[in-house]
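# Notes for the structure review
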Amino acid sequence: MSNAKSLEQLEQKQDFIRRHIGPSPAQVTDMLSALGVSSVEELIGQTVPAAIRLEQGLSIGESRTEVETLSYLKSVASKNKVFKSYIGQGYHPTHVPNVILRNVLENPGWYTAYTPYQPEIAQGRLESLLNFQTLTIDVTGLDLASASLLDEATAAAEAMALAKRVSKAKKANTFFIAQDVHTQTIDVVATRAEQFGFDVVVGPAAEAANHDIFGALFQYPSTTGEVVDVQDLIAQVQSKKAIACVAADIMSLMLLKAPGKLGADVVLGSAQRFGVPMGYGGPHAAFFATRDAYKRSLPGRIIGVSKDRLGNDALRMAMQTREQHIRREKANSNICTAQVLLANMAAFYAVYHGPDGLKTIAQRINRFASILASGLKSKGVALKHDTWFDTLTVVADNKDDVIARAIAAEVNFATNHAGEYSISVNETTTRADVTQLFDIILGEGHGLDVDALDVQISNDGVTGIPAALVRDDEILTHPNFNSYQSETEMLRYIKRLENKDLALNHSMISLGSCTMKLNATAEMIPVTWPEFAELHPFCPLEQAQGYQVMINELHDWLVDITGYDAVSLQPNSGAQGEYAGLIAIRKYHESRGEGHRNICLIPSSAHGTNPASAQMASMKVVVVGCDKHGNIDMEDLRAKAADVAENLSCIMVTYPSTHGVYEQSIKEVCDIVHQHGGQVYMDGANMNAQVGVTSPGSIGSDVSHLNLHKTFCIPHGGGGPGVGPIGVKSHLAPFMPNHSIINVAGTTEGNGAVSAAPYGSAAILPISWAYIAMMGSEGLKQATEMAIVSANYLTEKLSEHFPILYRGQNNRVAHECIVDLRPLKDASGITEMDVAKRLQDYGFHSPTMSFPVAGTLMIEPTESESKVEIDRFIEAMVSIKGEIDKIISGEWSIENNPLVFAPHTQADVLGSEWDRAYDRFYAAFPVASVAKDKFWPTVTRIDDVYGDRNLICSCPAVETYAE
Ligand SMILES: *Cc1c(COP(=O)(O)O)cnc(C)c1O
């Protein structure tokens, strides 16, 4: 009896592993036999160099069931104490509209999509991002906006970088930051400035123009709540030919004059309080707007309007030639993964409430602040400022007593400025809350009555907003912000957009290097638990004990998995991790008196973020070539390392390489760089081919970032969020990012921050935590092995029809492979773009196109796709090959064939005219399996050139709808 029970438990234990891993045991057997091997172990032996195989297993422990995992995590989460937060400083409680919570944030149709590189099957999120840009443009009063940055503080750092690029004050090297900018923003900007070699001056706003500046940053309203009239400050800055940047609160902008209208060159901020939970610091979207004249310098992605082949309006990512993949060391910034899901939530919040609803919310917040202010003033409490939107700062000699009363009442104020405390009211604040605030600040028996105060301030016209700064223009007049205020309409709008997008809940997305694997539902569930979602990042650590437990466990697991000694979870994306890692390297060299080391070796196969990050850390990039097998050219490496030895800072190397092979020479690569005094930065984006089998630390690397949104199951969200923690060896640990408000355990005091929040995008860490817990040591290793099995199976099958560009030892690939389309292109004239678009007709998202080699497709099936799905993809590729053959044989001309007309929309196929060399049915249903679940692209092929020549980055004017 007891035996039977433990067996049952054992089966349950394995349950999650077999759900996460797509191929069944029978399918695995078939795949192995297609590869001519008899076991997974045999294949791994042929594939992974023996010299780097881990001898010991991971020490994560046994796999846990979904039920066990969630119940344990719930007990951890319940250690967090959700106090009422009036801390403000860029983070505010908000009501996430339930229609958005369930149908966007908790909906795989939205959260499992990729960055919209294939716009014909991404028109839904592109429209939503265009709404986000329109919202940004309207509230900021500027011409041009990007589709989200990582957080307010990094957006401010990007503003500084833009200022340096475009300012005509070419000799100036100082960036001024007003002292009443949010503390964490000053911190992140100062870190970035140090890397760029800029001087930063922090001082009273009025002193900006006293310095020799190329740019300045003001906060509107200030971190302590003053509604600063920035107009004169901006003019003073501009009189020095410097760029005026304003960090603004998005909710206040519903009532305040747009900084752009006051002359600002750049306006940025966080869109968090537009319906995105605080989540202990993130993820949230930052907005960023600037003048049209600076469009080529704008950081981050921009969505633009163009036309499709049939002349219909169609959306796409604009100016993709600015993408860092192409610009590499000339990139404006290193932003790749951004915050698309959260930008979409904020945009939907604006769509749902509309301009009137948003204004009402802002007015209500402002009214509560005004009631609070006049009540306090009537009792003789000294306020620091006589203007406010939502935040009051009290100058107090009884600060400690007040804070003690607040904590006893489970209420948090901002306390990090000496001799004062601040209270930010928010969308969730009620009348009862304001009474409680009076009780806390004044002690009970104060006799103030909120209703009476309300009448009084209304009669007296008290708002805290200077008359000159009251917004008087109309915003959000576009129909998208005025048509969906009923929940029925809103639900359908969200669904309509979702239906236009192909995400992982429809079919495999085999993007090489992006690891589009399962994002299990059980992993997602904790994200919206209030115990995780509703913490302010600067709440006292005692209130975040649940987070601390979860973060520490995740930290230790990642240490085990990577073979490093310490991990920082602060970076908000892989690219930010690269930046943080390079800073650690730089500081390490400086600490040894070798601060002159500034050369970064980067193999030609590297991802574009590598050189872009190196440039952000003021390193000089020296490119190392690759041989004809795709491996680092060791002769070239030896020569270049020796050549620059004196100044060698590091190498940035991706492993397995983006060519999809485990280079045999990787240990030697590390040795050569170390011999010349350099450090090894191993880009960990491809950790899905390492976990449990090898590790960067054991190979000999010093630092890596991981992409938790690739290997560790955080969904891509249509282009973000992400988490890019870095792992380091102990000698680099003292140089990891800290934070100026919350001291991050295990890091050195005084180290600057790379993100606004101490633990970055903390709210999505439970996803990776749950994945690791449910897989356990054994499951994680199996996942890596199965990713390798599937990639090799796919390679084997496709190689019968297409050349495979690179292979490693024994003719095997790692977790991805590159299909070379160039010979077919030469023979037929069909491009990789045609193949990518034709795949859409078959219901698939294209693999990664033209990276790392132009004219190729890089395919990564991951362990989560079943053999059935992989076979369907192979069938599509083989069928497309057959179509190309018909062009080569002359049966179809190069002008008239299903590839060049791909993708086919319903309107195209069902239109009244049809003069194609292939029939209508074949256009849309080229193989039988498509009919089961036909996905219709909603626009035909998009004209990129037209879109860039006629750049429109906000919702098209209403008239164009009438056309
Ligand atoms: C995805 C990726 C990156 C960048 O990561 P982000 O999170 O998008 O910033 C860097 N290197 C490689 C090899 C990648 O695949």
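Residues numbered from 1 in each chain as written. Predicted model: local features only at pLDDT ≥ 70, side-chain atom pairs only at ≥ 80, totals over all residues. Heavy atoms only, no water.

## Side note on the site of the ligand
In the neighbourhood of the ligand, 15 residues make up the surrounding shell, with T337, S513, D683, H709 and K710 lying closest. Contacts to the ligand include G574, whose backbone N or O atom sits 2.7 Å from an oxygen atom. A distance of 3.0 Å separates an oxygen atom of the ligand from a polar side-chain atom of N707. When isolated, the ligand has an accessible area of 380 Å², and the protein chains bury 99% of it. Among the elements that make up the shell around the ligand, the one with the highest residue count is helix α20 (residues 574–591) (three residues). (Near = heavy atom within 4 Å. Polar contact = N/O pair within 3.5 Å; in protein donor to acceptor, adjacent residues only side chain to side chain. Areas by Shrake-Rupley, 256 points an atom, 1.4 Å probe, with all protein chains shown as cover. Helix = DSSP H or I, 4+ residues; strand = E, 2+ residues; numbered from the N terminus.)

## Notes on the pattern of salt bridges
A pair can form between side chains of opposite charge whenever their charged atoms are brought close. What the rule picks out here adds up to 41 salt bridges. Taking the shortest distance from any N to any O, the salt bridge between R431 and D454 comes out at 2.8 Å. You can see R431 sitting in helix α14 (residues 431–442) and its partner D454 sitting in helix α15 (residues 450–460), a full 23 residues away along the chain. Taking the shortest distance from any N to any O, the salt bridge between E785 and K781 comes out at 3.5 Å. Taken together, the positions of E785 and K781, both in helix α25 (residues 765–798) and four residues apart, correspond to about one turn of that helix. The exposure class of E785 is buried, given its relative accessible area of 11%. Look at K781 and you get partly exposed, because its relative accessible area is 25%. Here the salt bridges do not stand alone but share partners, grouping R309, D908, D915 and R916 into one network. (Salt bridge = Lys/Arg side-chain N within 4 Å of Asp/Glu carboxyl O. Buried < 20%, exposed > 50% of the residue type's maximum accessible area, 1.4 Å probe, protein only.)

## Some details on unusual backbone geometry
Put simply, G282 and P283 share a cis peptide bond, and its omega is 10°. Here the residue pair F851 and P852 is connected by a cis peptide bond, since its omega of 0° sits within 30 degrees of zero. A positive phi angle, close to 60°, is found at K241, a residue other than glycine. Along the chain, K241 turns up in the loop between α10 (230–239) and β6 (243–248). Here the phi dihedral of Y280 falls at roughly 55°; this positive angle occurs in a residue that is not glycine.

## Considering the sheet that holds strand β16 (residues 620–624)
What links the strands of a sheet is backbone hydrogen bonding, and the strands pair in either a parallel or an antiparallel sense. Across the sheet, seven strands lie side by side as β14-β20-β19-β18-β17-β15-β16; this open sheet has mixed pairing. Two strands close off the open sheet at either side, each with one partner strand: β14 (566–568) and β16. The sheet shows a mean angle of 25° between the axes of neighbouring strands, direction not considered. One ladder, built from four bridges, connects strand β18 (residues 679–684) with strand β19 (residues 703–706); its direction is parallel. Paired with D683 across the bridge in β19 is H705. Packing of helix α19 (residues 545–562) onto the sheet brings it into contact with β14 and β19, and relative to β14 it is tilted by some 120°. Strand contacts of helix α22 (residues 634–643): β15 (599–603), β16 and β17 (648–654), with the helix running at about 150° to β16, the strand carrying the most contacts. (Pairing = 2+ DSSP bridges. Axes fitted to C-alpha atoms, helices over the stretch in contact; angles between N-to-C directions. Contact = heavy atoms within 4.5 Å.)

## What to know about the nonpolar core
F218, F274, F413, Y547 and I772 are the most contacted members of the largest nonpolar core, which totals 289 residues. Among the elements that line this core, the one with the most residues is helix α12 (residues 340–378), at 22 residues. Excluding residues that lie within four positions of it along the chain, F218 makes contacts with F176, A178, V181, A205, A208, V230, L233, I234, V237, C245, V246 and A247. If you look at the next biggest cluster of nonpolar residues, it comprises 26 residues, including A566, A580, A606 and M736. (Core = buried A, V, L, I, M, F, W, Y, C linked by side-chain atoms within 4.5 Å.)

## Considering helix α3 (residues 40–47)
By the burial criterion, the buried members of α3 are V40, L43, I44, Q46 and T47. Projected down its long axis, α3 shows its buried positions confined to an angular sector of 160°, all on one face. At its buried positions, α3 is contacted by α2 (25–34) and α25. (Arc of directions from axis to C-beta.)

## Things to note about the environment of V621
Secondary-structure assignment places V621 in strand β16. Spatially, the C-alpha atoms of V621 and C600 are 4.9 Å apart, while their sequence positions differ by 21 residues. Aside from chain neighbours lying at most four places away, what touches V621 is C600, I602, P611 and A614.

## A few points about the pairing of β15
By the criterion of burial, β15 is predominantly enclosed, with five of the five residues buried. Alternating positions in β15 separate into two faces, I599, L601 and P603 on one and C600 and I602 on the other, with burial throughout. Of the strand pairs in this sheet, β15 and β16 are connected by five bridges, and their pairing is parallel. Following the sheet pairing, P603 is matched in β16 by V624. Handedness of the crossover is the feature at issue here: the chain leaves β15, passes through helix α21 (residues 609–616), returns alongside β16, and the resulting connection is right-handed. Two elements, β15 and β17, share three bridges in a ladder whose sense is parallel. Bridging across to β17, C600 finds its partner in C650. (Right-handed = clockwise from strand over helix to strand, strands pointing away.)

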